[in-house]
Amino acid sequence: ELYDQMQDQTHFAIKNSDLIIFIIDGREGVTENDVLLADQLKKKFILNKENTENQFQNRVLLVVNKCELEEHQFMVQNDIYKLGFGEAIYISAE
């Protein structure tokens, strides 16, 4: 029941947002959960609003955290395109 309520709240927030900030951990890289959530976001946005892939990418800002070292950026660089959000912004916030 709690999971369903969390899902409902998440879908409501996505539907009513102008911008989604999708943050992944640069040290862990793109996880299976990241891919699942990205697919879920894409399906909800495109199916519910009949938008194009490009419009979807413009609503999602992909941020990769814990990228204080260039090697962390390099580790995730190829995998982030699998998410379908386009270019990422690399940050280090601890």
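Rules used in this analysis
- Residues numbered from 1 in each chain as written.
- Predicted model: local features only at pLDDT ≥ 70, side-chain atom pairs only at ≥ 80, totals over all residues.
- Heavy atoms only, no water.
- Helix = DSSP H or I, 4+ residues; strand = E, 2+ residues; numbered from the N terminus.
- Buried < 20%, exposed > 50% of the residue type's maximum accessible area, 1.4 Å probe, protein only.
- Contact = heavy atoms within 4.5 Å.
- Areas by Shrake-Rupley, 256 points an atom, 1.4 Å probe, with all protein chains shown as cover.
- Pairing = 2+ DSSP bridges.
- Axes fitted to C-alpha atoms, helices over the stretch in contact; angles between N-to-C directions.
- Patch = residues over 30% accessible without salt bridge, like charges linked within 9 Å, V, L, I, M, F, W, Y side chains within 5 Å.
- Salt bridge = Lys/Arg side-chain N within 4 Å of Asp/Glu carboxyl O.
- Core = buried A, V, L, I, M, F, W, Y, C linked by side-chain atoms within 4.5 Å.

Asks: Honestly, the overall build of the protein chain in this entry has me stumped. Any pointers?
Replies: Scanning the protein chain for helices and strands turns up 4 helices and 3 strands. Tracing the protein chain from N to C terminus, the helices and strands come up as α-β-α-α-β-α-β. Counting the 94 residues in the protein chain, one finds 32% classified as buried. In the protein chain, the proportion of contacts linking residues at least 24 apart, taken out of those at least 6 apart, comes to 71%. For the protein chain, the accessible area works out to roughly 6600 Å², and carbon and sulfur atoms hold 51% of it.

Asks: Is there a simple way to think about the environment of Ile-23 in this case?
Replies: With respect to the secondary-structure elements, Ile-23 resides in strand S1 (residues 20–25). Sequence spacing of Ile-23 and Ile-91 is 68 residues, and the spatial spacing of their C-alpha atoms is 10.0 Å. Among all residues touching Ile-23, those that are not within four sequence positions of it are Val-63 and Asn-65.

Asks: Where do I start with the pairing of strand S2 (residues 60–65) in this structure?
Replies: Two faces belong to every sheet, and in a regular strand the side chains alternate between them. Buried residues dominate S2, accounting for 5 of its 6 residues. Pairing analysis gives 6 bridges linking S1 to S2, with the strands arranged parallel. Its bridge partner lying in S2, Ile-23 is registered against Val-63.

Asks: How should the sheet that holds S2 be read in this particular structure?
Replies: Hydrogen bonding along the main chain pairs the strands of a sheet, whether they run parallel or antiparallel. Spatially, the 3 strands line up as an open sheet ordered S1-S2-S3, and their pairing is parallel. Since the sheet does not close on itself, it has two edges, and those belong to S1 and strand S3 (88–90), each with one partner. Each adjacent strand pair in this sheet contributes to an overall mean axis angle of 30°, direction not counted.

Asks: Hey, could you run me through a nonpolar patch on the surface in this one?
Replies: A surface patch of nonpolar side chains, amounting to about 300 Å² of accessible area, comprises Leu-19, Ile-21 and Ile-23. Structurally, the position occupied by Ile-21 is in strand S1.

Asks: Would you take a moment to explain the nonpolar core for this structure?
Replies: Across soluble globular proteins, nonpolar side chains show a tendency to be buried alongside one another. Core analysis: the largest hydrophobic core is formed by 16 residues, its most contacted members being Phe-22, Ile-24, Leu-62, Val-64, Ile-80, Leu-83 and Phe-85. Excluding residues within four positions of it along the chain, Phe-22 makes contact with Asp-34, Leu-37, Ala-38, Leu-41, Val-60, Leu-61, Leu-62, Val-63, Leu-83 and Phe-85.

Asks: Explain unusual backbone geometry here, please?
Replies: Among all residues except glycine, the phi angle is most often negative; among peptide bonds, the trans geometry is most common. Positioned with a positive phi, Lys-66 is a non-glycine residue whose angle comes to about 65°. Note that Lys-66 resides in the loop between S2 and helix H4 (70–80).

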